[in-house]
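Commentary on secondary and tertiary structure
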Amino acid sequence: MDWQELTDLTQGQPFTVERVRLTGSGIAVEGSFEPPQLAQLSIDDQVFVAAFVRSHGSIKEMERIFGVSYPTIKSRLNRIAERLDFVDTDPAPSGAADTVDRLRRGEITAQEALAELRRPR
């Protein structure tokens, strides 16, 4: 069974994979594995995402490929993005980055910054 058949079979319902076999070595791993979020998209959305990546994120190229308008492409991208919660588009700064930012703003001295950076986490 290929991935497209599995996607069609599950019809968007959540599923887990319980056995994985490495084709090169024949080693099998059993457990309960949740597939990646991209794999949980419908086959149409998977094709859409692949086309978006291959077009280097060009909405104009996506309009040409799919024969639809800019708002249609944006709407579909937004709908797909709502299903992909693993991407943090606004990550919290690391401790070191926060320390350097505070140093730049003059909130701490260079000695205080060095002490913070040397502290084990």
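Described in the following lines is the structure provided in the data block. Keep in mind the model is a prediction, meaning the values are calculated, not measured.

Cut-off values and rules
Residues numbered from 1 in each chain as written. Predicted model: local features only at pLDDT ≥ 70, side-chain atom pairs only at ≥ 80, totals over all residues. Heavy atoms only, no water. Helix = DSSP H or I, 4+ residues; strand = E, 2+ residues; numbered from the N terminus. Rg over C-alpha atoms; globule rule 2.2 N^0.38 Å. Buried < 20%, exposed > 50% of the residue type's maximum accessible area, 1.4 Å probe, protein only. Contact = heavy atoms within 4.5 Å. Areas by Shrake-Rupley, 256 points an atom, 1.4 Å probe, with all protein chains shown as cover. Lys, Arg positive; Asp, Glu negative; His and termini not counted. Charge placed at Lys NZ, Arg CZ, Asp CG, Glu CD. Patch = residues over 30% accessible without salt bridge, like charges linked within 9 Å, V, L, I, M, F, W, Y side chains within 5 Å. Salt bridge = Lys/Arg side-chain N within 4 Å of Asp/Glu carboxyl O. Phe/Tyr/Trp six-rings, centres within 6.5 Å; stacked < 30°, edge-to-face > 60°. Pairing = 2+ DSSP bridges.

Bringing the overall build of the chain into the picture now. Of regular secondary structure, the chain possesses seven helices and two strands. Walking the chain from its N terminus toward its C terminus, one meets helices and strands in the order α-β-β-α-α-α-α-α-α. At 22 Å, the chain has a C-alpha radius of gyration far larger than the 14 Å of a compact globule built from 121 residues. Projected onto the principal axes, the alpha-carbon positions of the chain cover approximately 60 × 45 × 25 Å. Buried positions account for 21% of the 121 residues belonging to the chain. Pairs at least 24 apart in sequence give 36% of the contacts found in the chain among residues at least 6 apart. Accessible surface, the chain as shown: approximately 9300 Å² in total, 54% of it carbon and sulfur. The chain carries 15 positive and 19 negative side-chain charges, and their two centres are separated by 6 Å.

Okay, a nonpolar patch on the surface next. Together, Val-20, Leu-22, Ile-27, Val-29 and Phe-33 line one region of the surface with nonpolar side chains, adding up to about 380 Å² of accessible area. Of note, Leu-22 is situated in the loop between β1 (17-21) and β2 (28-33).

Right, let's talk about the packing of aromatic side chains for a bit. Aromatic ring pairs are reported here in terms of the distance separating the ring centres and the angle at which the planes meet. In this structure the tally under the stated criterion is one aromatic pair. Note on Phe-48 and Phe-66: the rings are 5.2 Å apart at their centroids and 40° apart in plane angle, and the pair reads as tilted. With a gap of 18 residues between them, Phe-48 in helix α3 (residues 43-54) and Phe-66 in helix α4 (residues 59-66) connect regions that are remote in the sequence.

Checked against the element boundaries, Gln-46 lands in helix α3. The contact partners of Gln-46, leaving out residues within four places of it in the chain, are Trp-3, Thr-7, Leu-38, Ala-39 and Leu-41.

In this section: the pairing of β1. Taken together, the four bridges between β1 and β2 define a ladder with antiparallel strand orientation. Residue pairing in the sheet places Val-17 in a bridge with Phe-33 of β2. Adjacent in sequence and paired antiparallel, β1 and β2 are bridged by six residues, among which Gly-26 carries a positive phi angle near 80°.

Not every positive phi belongs to a glycine, and His-56 is a case in point at roughly 60°. Position of His-56 among the secondary structure elements: in the loop between α3 and α4.

A complete count under the given rule lists eight salt bridges for this structure. The salt bridge partner of Arg-104 is Asp-101, with a shortest N-O separation of 3.6 Å. Taken as a pair, Arg-104 and Asp-101 lie in helix α6 (residues 95-104) at a separation of three residues, close to a single helical turn. Using a relative accessible area of 29% as the deciding quantity, one classes Asp-101 as partly exposed. Three or more residues are tied together by salt bridges with common partners; here these are Asp-45, Arg-76 and Arg-79.

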